[in-house]
Amino acid sequence: MFIDLPSGLGAALTDLTLPHWKLDGPALATSTMEEYRTELTASPQFAETAATLRRALTGEGGGFAVLRLGKLAQALGADDDRFLRLATAFAAEVAIPFSPFPRWPLWKDIGVKVDNDPGKSSGIGYNAFHMDLVNATLPPDYTTLLCIRPDPLGGGPSILSDAHAAVARLSEAHRALLAESGYHYGTFYDLHGVGEEYKPFPILDGSAPGEGFVRFTAKMLKRSELGQEHAEAARALARELVQGQVSFMLQTGDYLIVNQRRFLHGREALHSGQENVPAADRRLLLQLFLRTPSGTGPAA
Ligand SMILES: O=C(O)CCC(=O)C(=O)O
Ligand SMILES: [Fe+2]
């Protein structure tokens, strides 16, 4: 679901300078959320655009959206603080922005490091289907990625897949295995606002079909020791996710918001030759997490 800014709104926002945000612990302060909302609600068609965004994320069949802020990015500069504040204001219309990493800023850089593990954040390879903070008892309700610069060599399309639809295509036997606490992934330390470490965890949590998290990362297939049957069921899920995937290239100013209770996300490999691209020109995304106050999602 791609959402363009109505041109009147784009023009109004270009002229708007929002104040710096304040944090309250790991979360955007309520005073900032109210300030931003007041400023933006005065802009033409803002309320409708925010409602469209919420519907795309939580309405029937929805689960992710790309808000196209490219013209704003062009007018203000994608790396300008004013642009980042406007993106934050849109995020705050969906849920509460927060950082689970106490020592990092609200928005986390995802750059390109040629020496990193290629399959992980900031790596250059295929970033397989996953949810963020998969091994926390309370993962963020939304993960969001703001594209500051696409891969100048043209690689790295985003991939999205409807997790519940993928689960529905599996056999009963595989679903039963996925509902067992047979899975674990990664490390967990110094995180705020996402509960406790969850280890081992079930991929399916016993919620009604189509509800709850599908607590999955395909990275566990390579990086975690799993029992053979559990691994087979997880591989079947990974195949169905790929089977149902959509993919698209984020452009400068595109803001991808993923409802983690519905969709899993990932990224295809960047184009080969990253070592010849100066670090300052490589792909750059900024990541922000959102928490719904109720934990179930805003009304559409
Ligand atoms: O690079 C991307 O497009 C996705 C990165 C990602 O999913 C992550 O770092 O969690
Ligand atoms: Fe991710």
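Residues numbered from 1 in each chain as written. Chains lettered and ligands numbered in written order. Predicted model: local features only at pLDDT ≥ 70, side-chain atom pairs only at ≥ 80, totals over all residues.

### What about the sheet that holds strand 9 (residues 158–162)?
To keep it simple, the criterion reads: Note on pairing: DSSP must find at least two bridges between two strands before they are called paired. Counting from the N terminus, the helices are the DSSP runs of H or I reaching at least four residues and the strands are the DSSP runs of E reaching at least two. Only C-alpha atoms enter the line fits that serve as axes; for helices the fit covers just the stretch in contact. Angles between N-to-C directions range over 0 to 180 degrees.
Pairing is antiparallel in the open sheet, where four strands are placed in the order 7-12-9-10. What marks the edges here is a single partner per strand, and that holds for strand 7 (127–130) and strand 10 (246–248). Strand-to-strand twist in this sheet, taken as the mean axis angle between neighbours without regard to direction, amounts to 15 degrees. Bridge count between strand 7 and strand 12 (residues 263–267): two bridges; the pairing is antiparallel. Directly across from His130, in strand 12, lies its bridge partner His265.

### Points about the nonpolar core
Condition: Core membership is restricted to buried Ala, Val, Leu, Ile, Met, Phe, Trp, Tyr and Cys residues, and these are joined into a nonpolar core through C-beta atoms within 7 Å. Partly exposed residues are those whose C-beta has more than 12 but fewer than 20 other C-beta atoms within 10 Å; with 20 or more the residue is buried, with 12 or fewer it is exposed, and the C-beta atoms are placed from the backbone. C-beta atoms are placed from the backbone for every residue, and two residues are taken to be in contact when these atoms lie within 7 Å.
If you look at the biggest cluster of nonpolar residues, it comprises 84 residues, and the most contacted ones within it are Ala87, Leu237, Tyr255 and Ile257. No other element matches the nine residues that helix 5 (residues 81–94) contributes to this core. Dropping the residues within four chain positions of it, Ile257 is found in contact with Leu57, Phe64, Ala65, Leu67, Val94, Tyr142 and Thr144.

### Some thoughts on the site of ligand 1
Rules: To decide whether a residue is near a molecule or strand, its C-beta atom is placed from the backbone and checked for lying within 6 Å of it. Gly is placed with the polar residues, together with every amino acid not listed as nonpolar (Ala, Val, Leu, Ile, Met, Phe, Trp, Tyr, Cys and Pro) or charged (Asp, Glu, Lys and Arg).
Lining the immediate surroundings of ligand 1 are Ile110, Ser121, Asn127, Asp132, Leu145, Ser158, His265, Arg267 and Leu285. Broken down by class, the residue content of the shell around ligand 1 amounts to three nonpolar, four polar and two charged.

### Section: the environment of Asp24
Take Asp24: it is sitting in strand 2 (residues 23–24). The spatial distance from the C-alpha of Asp24 to the C-alpha of Phe98 is 9.2 Å, given a sequence separation of 74 residues. Once residues lying within four places of it in the same chain are set aside, the contact partners of Asp24 are Ala29 and Thr30.

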